[in-house]
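Each chain is listed here by its residues.
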Amino acid sequence: GCSFHDTGDFLASCSMDQTIKIWDMNSQRCRHTLRGHVDSINSVVFQPYSNNLCTGSADKSVSIWDLRSGLCIHTFVGHSNAVGSVSFNMKGDSILSSDADGVVKVWDVRMVGERLSVDLDVPVNDAKFDKSARTMAVACDDG
């Protein structure tokens, strides 16, 4: 997956090689390579209005990274299978993650904990918040 920063100056990409690359869109060069996951990284998204980004990995974790330091500043653990998607709400204070078992979780960035967990019993391909963050849309294997 990949994600553009709000400014459009940077692109984050994630890979099966367990790295996140930060691309400078002006110079078209890789500016940083972030490492810390122990399995493929399946999803990456920038936190709105921030220098942080979030990743979801086959190592069953969701991590937040600080681009200034290049370090992982927090890892949320709680999925039992590979995390396939991560997304932020518009305010950037909640993360929505989904996994191959059909579990969708909402993580509270400020309180650094799980706010909600829903088991859909079908593999989830993607999950997003609407603008209000009161509704989630989920794309599953069964349509």
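See the structure above.
Quick summary incoming for the structure in this document. Since the structure is predicted, the reported quantities are computational estimates derived from the model, not experimental observations.

How each quantity is defined
- Residues numbered from 1 in each chain as written.
- Predicted model: local features only at pLDDT ≥ 70, side-chain atom pairs only at ≥ 80, totals over all residues.
- Heavy atoms only, no water.
- Helix = DSSP H or I, 4+ residues; strand = E, 2+ residues; numbered from the N terminus.
- Buried < 20%, exposed > 50% of the residue type's maximum accessible area, 1.4 Å probe, protein only.
- Contact = heavy atoms within 4.5 Å.
- Areas by Shrake-Rupley, 256 points an atom, 1.4 Å probe, with all protein chains shown as cover.
- Lys, Arg positive; Asp, Glu negative; His and termini not counted.
- Charge placed at Lys NZ, Arg CZ, Asp CG, Glu CD.
- Pairing = 2+ DSSP bridges.
- Axes fitted to C-alpha atoms, helices over the stretch in contact; angles between N-to-C directions.
- Polar contact = N/O pair within 3.5 Å; in protein donor to acceptor, adjacent residues only side chain to side chain.

### Observations regarding the overall build of the protein chain
Here is step 1: Counting its secondary structure elements, the protein chain contains zero helices and 14 strands.
Here is step 2: Start at the N end of the protein chain and walk to the C end: the helices and strands fall as β-β-β-β-β-β-β-β-β-β-β-β-β-β.
Here is step 3: Counting only C-alpha atoms and orienting by the principal axes, one finds that the protein chain spans roughly 45 × 30 × 30 Å.
Here is step 4: Sorting the 143 residues of the protein chain into buried and exposed places 47% on the buried side.
Here is step 5: Restricting the contact set of the protein chain to residue pairs at least 6 apart, pairs at least 24 apart contribute 32%.
Here is step 6: Summing over all exposed atoms, the protein chain offers an accessible surface of approximately 7,500 Å²; the carbon and sulfur share of this is 49%.
Here is step 7: Distance between charge centres in the protein chain, computed from 13 positive and 18 negative side chains, equals 9 Å.

### Some remarks on the sheet that holds strand E5 (residues 41-46)
Here is step 1: Pairing within the open sheet is antiparallel, and its four strands lie in the order E5-E6-E7-E8. Strand pairing shows two members of the sheet lacking a second neighbour, E5 and strand E8 (71-77), which therefore form its edges. Adjacent strand axes in the sheet meet at a mean angle of 20° when their direction is disregarded.
Here is step 2: Taken together, the five bridges between E5 and strand E6 (residues 52-57) define a ladder with antiparallel strand orientation. Within the sheet, the bridge partner assigned to Val45 lies in E6 and is Cys54.

### Looking at the side chain of Ser85
Here is step 1: Relative to the assigned elements, Ser85 resides in strand E9 (residues 83-88).
Here is step 2: Among the polar contacts listed, one links the side chain of Ser85 to the backbone nitrogen of Ala127, at a separation of 3.4 Å.
Here is step 3: Leaving out residues up to four positions away in the same chain, Ser85 has contacts with Ser43, Leu96, Ser97, Ser98, Asn125, Asp126 and Ala127.

### Let's talk about the environment of Phe10
Here is step 1: Within the element layout of this structure, Phe10 appears in strand E2 (residues 10-14).
Here is step 2: Between the alpha carbons of Phe10 and His37 there is a distance of 21 Å; along the sequence they are 27 residues apart.
Here is step 3: If we ignore the near neighbours within four places in the chain, the residues touching Phe10 are Ser3, Phe4, His5, Ile22, Trp23, Asp24, Met25, Arg31 and Phe46.

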